[in-house]
Amino acid sequence: MRVTDLLTAAGLGAMRGERLLFTGLSVTAAPGEALLLRGANGAGKTTLLRLLAGLIPIEAGTLERSVPAHWVGHADGIKPHETPRQHLTLWTEAWGGTPVAPAIDALGLARAADVPARGLSAGQRRRTALARLLLEDRPLWFLDEPFSALDAAGSDAVAGLITGHRANGGAIIAAVHGSVPITGARELTL
């Protein structure tokens with residue numbers, strides 16, 4: 001691992017059942033970088049993200065991560081009775097008491113902040129999940145389809161978060177499909 005790398009993985013391999021997803025894969029993430037993982041559904045993008053985040057064991061290869069990381073996966077993780085404000089408050093209490101209002105504002109959740117999740121749109125639930133990124137400073141973000149279910153304003157808000165995070169020395173690794181508003185990113189197709 002270079003001194004500046006936040007993450008270095010070499011020779012990674014993964015199987016799903018009896019099917020080889022990838023082998024001999026190497027990945028790095030340095031401050032300010034964005035790496036977009038692309039490929040067909042089932043190609044292994046989420047599996048690779050989960051490996052890099054330490055959520056599942058590595059079957060082959062090595063992984064070094066020098067900084068704490070955030071994970072935002074497909075599932076929003078919000079209970080149906082929780083409001084965005086309640087959900088974010090639970091997380092901030094676990095992580096040290098950062099105010100939730102700036103995260104609510106940054107993701108355009110002010111009007112929906114006190115609506116139970118069962119009454120939110122998929123985009124509002126997605127924005128709530130992504131707002132967790134702002135509750136504790138972690139240099140590395142693993143994002144699985146961060147723009148799914150978002151309207152143009154939501155996509156712009158998330159793109160702004162990513163741009164700001166990178167400008168402050170953070171890095172992201174994201175599984176994506178189609179066109180996304182992230183500039184200057186490297187791409188890895190599985």
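This text follows the structure it describes.
Residues numbered from 1 in each chain as written. Predicted model: local features only at pLDDT ≥ 70, side-chain atom pairs only at ≥ 80, totals over all residues. Heavy atoms only, no water.

A.B. asks: I'd love a proper account of the overall build of the protein, names of residues and values included.
C.D. replies: Helix and strand counts for the protein stand at five helices and eight strands. Each helix (α) and strand (β) of the protein, taken in turn from the N terminus, gives the series β-β-β-α-β-β-α-α-α-β-α-β-β. In terms of overall dimensions, the protein is globule-like: its C-alpha atoms have a radius of gyration of 17 Å, near the 16 Å expected for 190 residues. Taken along its principal axes, the extent of the C-alpha atoms in the protein is 45 × 35 × 30 Å. The buried share of the protein, reckoned over its 190 residues, is 47%. (Helix = DSSP H or I, 4+ residues; strand = E, 2+ residues; numbered from the N terminus. Rg over C-alpha atoms; globule rule 2.2 N^0.38 Å. Buried < 20%, exposed > 50% of the residue type's maximum accessible area, 1.4 Å probe, protein only.)

A.B. asks: For the pairing of strand β2 (residues 19-29), give the residues involved together with the corresponding values.
C.D. replies: Each regular strand carries side chains that alternate between the two faces of the sheet. Bridging between strand β1 (residues 7-16) and β2 involves seven bridges; their strand directions are antiparallel. What sits directly across from Ala-14, in β2, is Phe-22. Taking the residues that link successive antiparallel strands as the turn, the β1-β2 hairpin has two residues, and the phi of Gly-17 there is positive, at about 65°. (Pairing = 2+ DSSP bridges.)

A.B. asks: Can you break down the sheet that holds strand β4 (residues 60-65) residue by residue, with the values?
C.D. replies: As summarised here, the arrangement of the three strands in space is β2-β1-β4, forming an open sheet in which the pairing is antiparallel. Unpaired on one side and paired on the other, β2 and β4 mark the two borders of the sheet. Strand-to-strand twist across the sheet, computed as the mean angle between neighbouring axes with direction ignored, equals 25°. Running over the sheet, helix α1 (residues 45-53) touches β1, β2 and β4 and is turned about 130° from β1. (Axes fitted to C-alpha atoms, helices over the stretch in contact; angles between N-to-C directions. Contact = heavy atoms within 4.5 Å.)

A.B. asks: Would you mind going over helix α4 (residues 122-131) in detail, with residue names and values included?
C.D. replies: With seven of ten residues buried, α4 lies mostly within the body of the structure. Listing the buried residues of α4 in full gives Gly-123, Arg-126, Arg-127, Thr-128, Ala-129, Leu-130 and Ala-131. Buried positions along α4 lie against β5 (69-72), α2 (84-95), α3 (101-106), β6 (140-144) and α5 (152-167).

A.B. asks: Requested: an account of α5, with residues and values cited.
C.D. replies: An α-helical segment advances 3.6 residues per turn. Residues three or four places apart therefore align on the same side. The terminal C-alpha atoms of α5, which comprises 16 residues, lie 22 Å apart, in line with the 22 Å expected from a rise of 1.5 Å per residue. Within α5, the full set of buried residues consists of Gly-154, Ser-155, Ala-157, Val-158, Ala-159, Leu-161, Ile-162, His-165 and Arg-166. On its buried side, α5 packs onto β3 (34-38), α3, α4, β6 and β7 (171-175). A distance of 3.3 Å separates the backbone nitrogen of Ala-153 from a side-chain oxygen at the start of α5, and that oxygen is part of Asp-151. After α5 finishes, the residue Gly-169 shows a positive phi value of roughly 90°. (Expected span 1.5 Å × (residues − 1). Polar contact = N/O pair within 3.5 Å; in protein donor to acceptor, adjacent residues only side chain to side chain.)

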